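# Structural features, examined
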Amino acid sequence: MKFSLIAIVATLSSPTMAFITPSVSNKCSSSTQLETSALESLADITTLSIDSGDIDTVARYAKTGLITDATTNPLFVSQAGANGDARYEAMVQEAVTYAKRKTCAEDGCPVPEDTLNLAIDRLAVNLGKELVSLVPGRVSTEVDIRLSYDTDKSVERARSIIAMYEDAGISKDRILIKLAGTWEGIQAAKVLEKEGIQCNITLVFSFLQAAAAAQAGAYLISPFPGRILDWHKKQTGLEGYAPEADPGVLAVKRMYAYFRKYQYDTICMPASWRPSRGAAVEGSDVDEILALAGVDEMTIPEPLLNSLCALSPDVVKRNCDPTTDAAACNDPDFRLTEESFAQYWKTDVCGQEKLKEGMDAFTAETEKLITILIEKF
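Residues numbered from 1 in each chain as written. Predicted model: local features only at pLDDT ≥ 70, side-chain atom pairs only at ≥ 80, totals over all residues. Heavy atoms only, no water.

A separate point is the sheet that holds strand 4 (residues 175-180). Across the sheet, which stays open at both edges, the six strands sit in the order 2-3-4-5-6-7 with parallel pairing between neighbours. If you trace the sheet from one side to the other, it starts and ends with strand 2 (70-71) and strand 7 (267-268), each paired once. In this sheet, strand 3 (residues 139-142) lies alongside strand 2 in parallel orientation, the contact comprising two bridges. The residue bridging Ala-70 from the neighbouring strand is Val-139, located in strand 3. (Pairing = 2+ DSSP bridges. Helix = DSSP H or I, 4+ residues; strand = E, 2+ residues; numbered from the N terminus.)

Before going further, it helps to examine the pattern of salt bridges. Applying the stated criterion to the full structure yields 18 salt bridges. Between Lys-178 and Glu-142 there is a salt bridge, and its shortest N-O distance comes to 3.6 Å. In this pair, Lys-178 is assigned in strand 4 and Glu-142 in strand 3, connecting sequence segments 36 residues apart. For Glu-195, the salt bridge is made with Arg-159, and the minimal N-O distance between the two is 2.4 Å. You can see Glu-195 sitting in the loop between helix 7 (183-194) and strand 5 (199-204) and its partner Arg-159 sitting in helix 6 (residues 151-167), a full 36 residues away along the chain. (Salt bridge = Lys/Arg side-chain N within 4 Å of Asp/Glu carboxyl O.)

Turning our eyes to something else, we now look at the environment of Ala-43. Looking at where Ala-43 falls in the secondary structure, it is placed in helix 1 (residues 38-45). Classification of Ala-43 by relative accessible area gives partly exposed; the value is 29%. In this structure the C-alpha to C-alpha distance between Ala-43 and Met-298, which are 255 residues apart in sequence, comes to 9.8 Å. When residues no more than four places from it in sequence are discounted, the contact partners of Ala-43 are Leu-48 and Leu-66. (Buried < 20%, exposed > 50% of the residue type's maximum accessible area, 1.4 Å probe, protein only. Contact = heavy atoms within 4.5 Å.)

To continue, consider the packing of helix 9 (residues 225-236) against helix 15 (residues 349-376). The angle between the axes and the distance between the axes are what describe a pair of packed helices. Interaxial distance between helix 9 and helix 15 falls to 10 Å at its minimum, and their mutual angle equals 120 degrees. In this view, helix 9 runs oblique relative to helix 15, as classed from their interaxial angle. The handedness of the crossing between helix 9 and helix 15 is right-handed. From helix 9, Arg-227, Ile-228, Asp-230 and Trp-231 reach across to helix 15, where they touch Val-349, Cys-350, Glu-353, Lys-354 and Gly-358. When grouped by side-chain class, the residues that make up the contact of helix 9 with helix 15 number four nonpolar, one polar and four charged. (Axes fitted to C-alpha atoms, helices over the stretch in contact; angles between N-to-C directions. Parallel < 35°, antiparallel > 145°, perpendicular 65-115°, else oblique. Left-handed = near helix turned anticlockwise from the far one by under 90°. Nonpolar A, V, L, I, M, F, W, Y, C, P; charged D, E, K, R; others polar.)

The terminal C-alpha atoms of helix 9 lie 16 Å apart, and with 12 residues this matches the ideal 16 Å at 1.5 Å per residue to within 8%. Turning to helix 9, its buried residues number three or more, namely Pro-225, Gly-226, Arg-227, Ile-228, Leu-229 and Trp-231. If you follow the buried residues of helix 9, they end up packed against strand 5, strand 6 (220-223), helix 10 (247-261), helix 11 (287-291) and helix 15. Two residues or fewer past helix 9, Gly-237 is found with a positive phi of approximately 80 degrees. (Expected span 1.5 Å × (residues − 1).)

Moving on to the packing of helix 8 (residues 207-215) against helix 10. Axis separation between helix 8 and helix 10 bottoms out at 9 Å; the angle between their running directions is 25 degrees. Judged by the angle between their axes, helix 8 and helix 10 are roughly parallel. Crossing of helix 8 against helix 10: the hand is right-handed. Residues Phe-207, Ala-210, Ala-211, Ala-214 and Gln-215 of helix 8 form the contact with helix 10, whose participating residues are Arg-254, Met-255, Tyr-258 and Phe-259. Grouping the amino acids of the contact of helix 8 with helix 10 by side-chain chemistry returns seven nonpolar, one polar and one charged.

What follows is about the pairing of strand 6. Side chains Leu-220 and Ser-222 of strand 6 all project onto a buried face; the interleaved residues Ile-221 and Pro-223 project onto the opposite face, where all are buried too. The sheet contact formed by strand 5 and strand 6 spans three bridges and is parallel. When the sheet's bridge partners are listed, Ile-201 is paired in strand 6 with Ile-221. Between strand 5 and its parallel partner strand 6, the chain crosses via helix 8, and the hand of that crossover is right-handed. Strand direction decides the pairing type here: strand 6 and strand 7, joined by two bridges, are parallel. By the bridge assignment for strand 7, Leu-220 is matched with Ile-267. (Right-handed = clockwise from strand over helix to strand, strands pointing away.)

Glancing now at the nonpolar core. Nonpolar side chains tend to gather and get buried jointly when the protein is soluble and globular. In terms of nonpolar packing, the biggest core is built from 111 residues, with Ile-177 and Ile-300 touching the most fellow members. At 10 residues, the largest contribution of residues to this core is made by helix 5 (residues 113-134). Counting residues in hydrophobic clusters, the runner-up holds five residues, among them Leu-176, Tyr-219, Leu-220 and Met-269. (Core = buried A, V, L, I, M, F, W, Y, C linked by side-chain atoms within 4.5 Å.)

Another point: helix 5. Between its terminal C-alpha atoms helix 5 stretches 32 Å, which fits the 32 Å expected from 22 residues at 1.5 Å a residue. When you tally the buried positions in helix 5, you get 16 out of 22 residues, the bulk of the element.

Encoded structure:
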């Protein structure tokens, strides 16, 4: 059985994106004994994550015992670079100094691309090291999103990231490498998994990506039901769906059922949530979460954790079950090749559009970080 993973992942369109958030007064962030709530009932059947890049928030929730793992990504790393908080500024300065020393870049000279790339990765590792000190489990660190269509370079950067962690005394068993759900990113995961470097395939919007990731032996996938719902609402003009008919929920359940039917070890951890019935409906903010209760793992931003804390435990019902869902799976275990993946991908408009959108957003964050780092050199 795989080590339980709870990750902290960014939701690009979430209002919780600010890197430093206010203190949480909700009882669920207390280290004291928690009252029974929907959140605790959900934690009984699904491994939970917190979607936050705030170190103080992560520390606070980790103390509850509900949160054990963490992740970084281009958004969090970019925010660390621009934050101004002394803790994050120290991370940035160390990353710049480290990159200069390793690549022999001199002060005042044009900054070579390889020096900037090393500084980006070092900053991600510095943030990851801080999270490792806060949580008892694993930390995810993302490979440069701009390499998502280059398997060899993705593998090279992943190995470098792992080496930096190991130089700091952190075992690779504490780290997950995040890669985008392109064919090339998934193949990079296949190489890395064989080397004992476990991977998190992110920006998953289609069954095709999920199946390819499982067949490659990826440790975990992060499908985004909320963004799948966004796409379908735009296509249909509908303002909402019943949670059990939400296209994002159905997509995740299909992935989960496939994994369980064919006994793939890959963990299904949905992220990025939307109100199935529409934002105007009271209580709809946790529709997708409750509809997927029982899935392997899920990552939830602080406002939605607070919403769950305010709900009765009776609202939580197991809607994902490994035996039941495996029996209901009608998908064949068709072995994908690069050619067949490409052919199927051409027909997956939702997957294509949402993957591009997500990658473009992360690329923009990386470019912001580059601008910040150049000024530090």
